[in-house]
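So you can see what is in the structure, the chains are spelled out below.
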Amino acid sequence: QVQLVESGGGLVQAGGSLRLSCAASGRTFSRYAMGWFRQAPGKEREFVAAITWNGGTTYYVDSVKGRFTISRDNAKNTLYLQMNSLKPEDTAVYYCAADTNGLTVRADEYDYWGQGTQVTVSS
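Residues numbered from 1 in each chain as written. Predicted model: local features only at pLDDT ≥ 70, side-chain atom pairs only at ≥ 80, totals over all residues. Heavy atoms only, no water.

## Some remarks on the pattern of salt bridges
Once the charged atoms of two side chains with opposite charge are near each other, the side chains can pair.
Line of reasoning, step 1. Tallied over the full model, the rule gives six salt bridges.
Line of reasoning, step 2. Two residues, Lys65 and Asp62, come together in a salt bridge whose shortest N-O distance is 3.0 Å.
Line of reasoning, step 3. With a relative accessible area of 61%, Asp62 lands in the exposed category.
Line of reasoning, step 4. Connected through shared salt-bridge partners, Arg38, Glu46, Arg67 and Asp90 make up one network. (Salt bridge = Lys/Arg side-chain N within 4 Å of Asp/Glu carboxyl O. Buried < 20%, exposed > 50% of the residue type's maximum accessible area, 1.4 Å probe, protein only.)

## Examining the sheet that holds strand S3 (residues 18-24)
Line of reasoning, step 1. On the basis of which strands lie adjacent, the open sheet formed by four strands has the order S1-S3-S8-S7 and antiparallel pairing. Each edge of the open sheet carries a strand with a single partner, namely strand S1 (4-7) and strand S7 (68-73). Each strand axis lies, on average, 15° off the axis of its neighbour in the sheet, ignoring direction.
Line of reasoning, step 2. With four bridges joining them, S1 and S3 adopt antiparallel strand pairing. Bridging from a neighbouring strand, Val5 pairs with Ala23 of S3. (Pairing = 2+ DSSP bridges. Helix = DSSP H or I, 4+ residues; strand = E, 2+ residues; numbered from the N terminus. Axes fitted to C-alpha atoms, helices over the stretch in contact; angles between N-to-C directions.)

Nothing here speaks to function; it is geometry throughout.
Laid out in structure tokens, this is it:
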């Protein structure tokens, strides 16, 4: 089992940058594929990015390609999401999640979730 805690959210102007972190408890972090999701008010939770257990493969939703970078440091039990060139439509609560079965874009296949961190991008 793993517990996840996100941090790094905040208010930023359009065009700015933020780096989200997701700290994982336990010694099994490196066994999990990890993902970032987001949910805007009145909308369903949306896949953003995912990374395999060793960081060797990453995958992004088209709307963030070239702007966001997912990475992980297994020695620090931490997942990251570097977000550049932010847009107002990136405003959402961002969640990290862990999956025991490998990289996937489907939220219902992730086993553990953090509580979320708010990202607000002003125009």
